[in-house]
Amino acid sequence: QVQLVESGGGLVQAGGSLRLSCLASGRTFSPDPMAWFRQAPGKEREFVAVKWNGGRTHYSDSVKGRFTISRDNAKNTVYLQMNSLKPEDTAVYYCAAEIAFGSWYGGEYRNWGQGTQVTVSS
C-alpha cells in the first residue's frame, strides 16, 4: 500500500500561481504512474494531469499550457505547478498513484491522498 500526502494548497488571486506537492511513502520504488485529479463543489472528480516514470505525460484540455506535472523520484514526490490560475480552478486537488483498472484519465487508481484545497479568487 502506498500512502500519499498532498500539500501546497491555499488561497490565491486569479492570475497567480501555486505549486502542489504529493509525497509517496510505503514503497522502495516510486509508484507509476502518478496523477492529479480535482473535485469542485457539486461537481464530479475530474482528471488534471498524469506522468509516468518514462516521461509520458498527459493533461486535461482545461489546464494544458498552464499546469505542469513533474516528478522527483529520489524524493518520491510528484508536483503540480499551476500558473495563470482561474476561479474555475477552485477545487480540492487529489494525488493518485497506480491505475487499478480503466484508463489513466477516467479509470480508478489504487492509491489516493486526502486532498488539498485550492481556492482562486477573482
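What counts, and where the lines are drawn
Residues numbered from 1 in each chain as written. Predicted model: local features only at pLDDT ≥ 70, side-chain atom pairs only at ≥ 80, totals over all residues. Heavy atoms only, no water. Buried < 20%, exposed > 50% of the residue type's maximum accessible area, 1.4 Å probe, protein only. Helix = DSSP H or I, 4+ residues; strand = E, 2+ residues; numbered from the N terminus. Pairing = 2+ DSSP bridges.

Participant: What is the right way to read the pairing of strand β11 (residues 116–121) from this model?
Facilitator: Side-chain positions along a regular strand alternate between the two faces of the sheet. Residues of β11 alternate between two faces, with Thr116, Val118 and Val120 buried on one and Gln117, Thr119 and Ser121 left unburied on the opposite face. In this sheet, β11 lies alongside strand β2 (residues 10–13) in parallel orientation, the contact comprising four bridges. Across the sheet, Gly10 pairs through a bridge with Val118, a residue of β11.

Participant: How should I be thinking about unusual backbone geometry in this particular structure?
Facilitator: For residues other than glycine, phi is negative in most cases, and the peptide bonds are mostly trans. In this structure, Pro33 follows Asp32 across a cis peptide bond, with omega equal to -5°. Within the fold, Pro33 resides in the loop between β3 (18–25) and β4 (34–39). With a phi angle near 50°, Ser84 is a residue other than glycine that sits in the positive phi range. Residue placement: Ser84 occurs in the loop between β8 (77–82) and β9 (91–101). Not every positive phi belongs to a glycine, and Glu98 is a case in point at roughly 65°. With respect to the helices, strands and loops of the structure, Glu98 is situated in strand β9.

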